[in-house]
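Listed here are the chains, written in short residue letters.
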Amino acid sequence: MIPCAKFRGCLLAALAGDCLGAQFEFSPRRSSFRTVWLAFDANMRERRRCRRWPLVYTDDTALTRAVCESLVDCRGRVEPASLARSLTDAYFKATDRGYGAAAGGVFKDLRDANFADPFGPAAALFEGRGSYGNGGAMRAAPLGLIGAAAAAAPNAEEVHLATRVTHSNALALAGARLMAGPCDWRCASTASTWTAEAAAADTACGLHEGEASSYTSAMRQVKEFLGKHPASSAVDEEARAVAGALGTEVTALRSVPTAIYCALRTLRPSHRVHPLISEWQPPGNQNPSIDEALSIEQRQQQQRLLDCLTFAVSLGGDTDTIASMAGAIVGAALGADALPASLMLACEASDAVDSLATRLHRVAYSS
Ligand code: F2R
Ligand code: MG
Ligand code: MG
Ligand code: MG
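In every chain, residue numbers begin from 1 and rise along the written sequence. Labels follow written order: the first chain is A, the first ligand is 1, and so on. Selection of residues for local features in this predicted model requires a pLDDT of at least 70, selection of side-chain atom pairs for listing and counting requires 80 or more, and totals for whole chains, interfaces and linings are taken over all residues. Heavy atoms from the whole structure form the basis of all side-chain values; hydrogens and water molecules are not counted.

Trainee: With reference to specific residues and values, describe the site of ligand 1.
Mentor: Nearness is judged by heavy atoms alone; a residue qualifies as near a molecule or strand once a single heavy atom is within 4 Å of it. In the vicinity of ligand 1 lie 23 residues, with Ala-102, Ser-131, Tyr-132, His-167 and Asp-318 positioned nearest. The definition of a polar contact used here is a pair of N or O atoms within 3.5 Å, where within protein one atom must be able to donate a hydrogen and the other to accept one, and adjacent residues in sequence count solely through side-chain atom pairs. Between ligand 1 and the protein, one listed contact pairs an oxygen atom with a side-chain N or O atom of His-167 at 2.6 Å. All accessible areas in this document rest on Shrake-Rupley with a 1.4 Å probe, and a residue is counted as covered only by the protein chains that are shown. Calculation on ligand 1 without its partners gives an accessible area of 900 Å², and the protein chains cover 73% of this total. Those elements that provide at least two residues to the shell around ligand 1 are helix 3 (59-73) and helix 17 (319-334). Residues are grouped as follows: nonpolar covers Ala, Val, Leu, Ile, Met, Phe, Trp, Tyr, Cys and Pro; charged covers Asp, Glu, Lys and Arg; every other residue, Gly included, is treated as polar. Looking at side-chain class alone, the shell around ligand 1 contains eight nonpolar, nine polar and six charged residues. Only DSSP runs of H or I reaching four residues or more are called helices, and only runs of E reaching two or more are called strands; each is numbered from the N terminus.

This is the structure we're talking about:
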């Protein structure tokens, strides 16, 4: 059984990446690792001075929550009409959460037709080519969790159905499939596992390995970069090179492999967290008696996750989405202990996301 702590770690770290990254999304200039980290540190201390959430979540979390709700309602299955309704409700509850340009039209059309054809509006987008944005991939983590838990579930097919409600282009479908991952991906940290999964996703979605526009070729670059940039390399130089080669765009192909790179870089055993983070004192832990409550291992896990999210946001571009997807992978691998309390206090709805993760886990093992 996959521990509930991994479900919670996955969804809470996805929330944290979204919340932390949102303040930098498509900033005109890419920020250095240090600048991003100083902002995060300030975010985590801010809660002490004011009562409202310093960090609000965006469409990434709104739709991930909606996927979870629908999965819970449908006892772990993807039911397209239920999912379409859940995503649409989330959209109309707050349309100002930074949705992609095409998303609003899809949700309006779904609602107008009373969800009679859950795939119709998305299939008509972009003159019938469908969206290749990363909006399907950014909400795929709960599908990966459910698929990993239920060994018999036709995971890839369900991810396909769940994605097609808004994104029907092969590049978006393969990206979502990759983010939902193979059954054991939340524990897997090798580039080879991911490259094999990219090849399967490409094939399933009609993309060809040899083409530049394939996840296989992007994952090959990820592997190359992991070899090229040792754990100790200059972080801003690495960020510039990775952002340029793998991309930081709103398209799935130019953001999903980037997020995977951020996660794998952090999870490799040789990785050393940045000194700014290894020297950090969590705000809640300035009291030495509380400080002792954190084990060394827990402290290291928290530093690892923060290092991953800081690096992801320092790439620039679609920072909320790349940090959220990278967070989902690392959070699942490390578990909920990797989330610092001060970060959870700073992020909107962290309690609600936490209890949703627990409900999803219960459903995953009771259906
Ligand atoms: N939208 C944002 N942030 C604002 C981004 C502004 C920025 N200046 C920029 O657009 O570069 N954040 C949220 O949106 C992303 C998820 O987007 P989603 O849900 O996939 O939206 P959409 O509209 O379906 O696709 C995104 C854009 O990609 C282009 N595109 C997609 N398919 C296309 C096709 N077949 N042909 C041509 N262009 C296509 C369009 O420009 C779409 O608008 C996340 O970052 C989330 O945080
Ligand atoms: Mg967003
Ligand atoms: Mg969309
Ligand atoms: Mg985004």
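Trainee: So what's going on with the pattern of salt bridges? Residues and values would help.
Mentor: We define a salt bridge as a side-chain nitrogen of Lys or Arg found within 4 Å of a carboxyl oxygen belonging to Asp or Glu. A full pass over the atoms with the stated rule returns 11 salt bridges. Among the salt bridges present, the one from Arg-8 reaches Asp-354, with a minimum N-O distance of 2.6 Å. Highlighted residues: Arg-8 in helix 1 (residues 4-22) and Asp-354 in helix 19 (residues 350-364), separated in sequence by 346 residues. Under the scheme applied here, a residue whose accessible area is under 20% of the maximum for its type counts as buried, over 50% as exposed, and between as partly exposed, the area being computed with a 1.4 Å probe on protein chains only. Classification of Asp-354 as partly exposed rests on a relative accessible area of 22%. Where Asp-41 meets Arg-45, a salt bridge forms, and the shortest distance between an N and an O atom there is 2.9 Å. Note that Asp-41 and Arg-45 are positioned in helix 2 (residues 33-46) at a spacing of four residues, about one turn of the helix. In this structure Asp-41 comes out as buried when scored by relative accessible area, which is 16%. Overall, Arg-45 belongs to the partly exposed group, its relative accessible area being 24%.

Trainee: Tell me what's going on with the coordination of the magnesium ion (ligand 4), and back it up with residues and numbers.
Mentor: For Na, K and Ca the donor cutoff is 3.2 Å, while for all other metals N, O and S atoms count as donors only within 2.8 Å; water does not appear among the atoms, so some sites may look incomplete. Protein coordination at the magnesium ion (ligand 4) comes from Glu-25 (OE), Asp-318 (OD), Asp-320 (OD) and Thr-321 (OG1), with a distance range of 2.0 to 2.3 Å. Spacing between the donor residues of the magnesium ion (ligand 4) along their common chain follows E-x292-D-x1-D-T. A gap of 3.6 Å separates the magnesium ion (ligand 4) and the magnesium ion (ligand 2), which Asp-320 links by coordinating each metal. With Glu-25 in the loop between helix 1 and helix 2 and Asp-320 in helix 17, this pair connects stretches of sequence that are 295 residues apart.

Trainee: Could you give an account of the UniProt feature "signal peptide" (unreviewed entry) in the chain, naming the residues involved and the relevant values?
Mentor: UniProt positions are given in the numbering used here, feature names are shortened, and annotations may be inferred rather than shown by experiment. The UniProt record marks residues 1-21 with the feature "signal peptide" (unreviewed entry), using the residue numbering of this structure. Between the C-alpha atoms that bound residues 1-21 the distance is 32 Å, and the span itself is 86% helix and 0% strand.

Trainee: Tell me about helix 11 (residues 215-228), and please be specific about residues and values.
Mentor: Given 3.6 residues to a turn, an α-helix orients residues that are three or four positions apart in the same direction. In this analysis, the expected span of each helix is defined as 1.5 Å times one less than the number of residues it contains. The end-to-end C-alpha distance of helix 11 is 19 Å, a good match for the 20 Å that 14 residues give at a rise of 1.5 Å each. Taken together, the buried positions of helix 11 are Tyr-215, Thr-216, Ser-217, Ala-218, Met-219, Val-222, Phe-225 and Leu-226. Should any heavy atoms of two residues lie within 4.5 Å, those residues are considered in contact. In this fold, the buried residues of helix 11 make contact with helix 9 (170-180), helix 10 (191-204), helix 12 (235-246) and helix 13 (256-267).

Trainee: Outline the environment of Asp-117, supporting the account with residue identities and numerical values.
Mentor: One can find Asp-117 in the loop between helix 5 (103-112) and helix 6 (120-128). Given a relative accessible area of 44%, Asp-117 falls into the partly exposed group. For Asp-117 and Phe-24, which are 93 residues apart along the polypeptide, the C-alpha to C-alpha distance reads 36 Å. Within the structure, the side chain of Asp-117 is placed 3.1 Å from the backbone nitrogen of Gly-120, a separation counted as a polar contact.

Trainee: Describe helix 8 (residues 155-164), with residues and values.
Mentor: Those residues of helix 8 lying buried are Asn-155, Glu-158, Val-159, Ala-162 and Thr-163. Looking down the long axis of helix 8, one finds its buried residues gathered within 130° of arc, a one-sided arrangement. To be clear, the arc concerns the directions from the helix axis to the C-beta atoms.

Trainee: So what's going on with the nonpolar core? Residues and values would help.
Mentor: Nine residue types can take part in a nonpolar core, namely buried Ala, Val, Leu, Ile, Met, Phe, Trp, Tyr and Cys, and a core is a set of them joined through side-chain atoms within 4.5 Å. Among the nonpolar cores identified, the biggest contains 118 residues, and Leu-11, Phe-40, Leu-143, Tyr-215, Val-256, Leu-343 and Leu-360 are the most heavily contacted of them. Ranked by residue count, the leading element in this core is helix 1, at 10 residues. When neighbours within four sequence positions are excluded, Leu-343 is seen to be in contact with Ala-16, Leu-20, Met-44 and Leu-306.

Trainee: Residue-level account of the UniProt feature "binding site: Mg(2+)" (unreviewed entry) in the chain, with values.
Mentor: Following the UniProt record, the feature "binding site: Mg(2+)" (unreviewed entry) maps to Thr-58, Asp-59, Asp-60, Asp-318, Asp-320 and Thr-321 here. Despite a sequence span of 264 residues, these residues sit close together in the fold, their greatest C-alpha distance being 12.4 Å. Once residues lying within four places of it in the same chain are set aside, the contact partners of Thr-58 are Asp-18, Ala-22, Arg-97 and Asp-320. Of the polar contacts made by the side chain of Thr-58, one reaches the side chain of Asp-60; its length is 2.8 Å.

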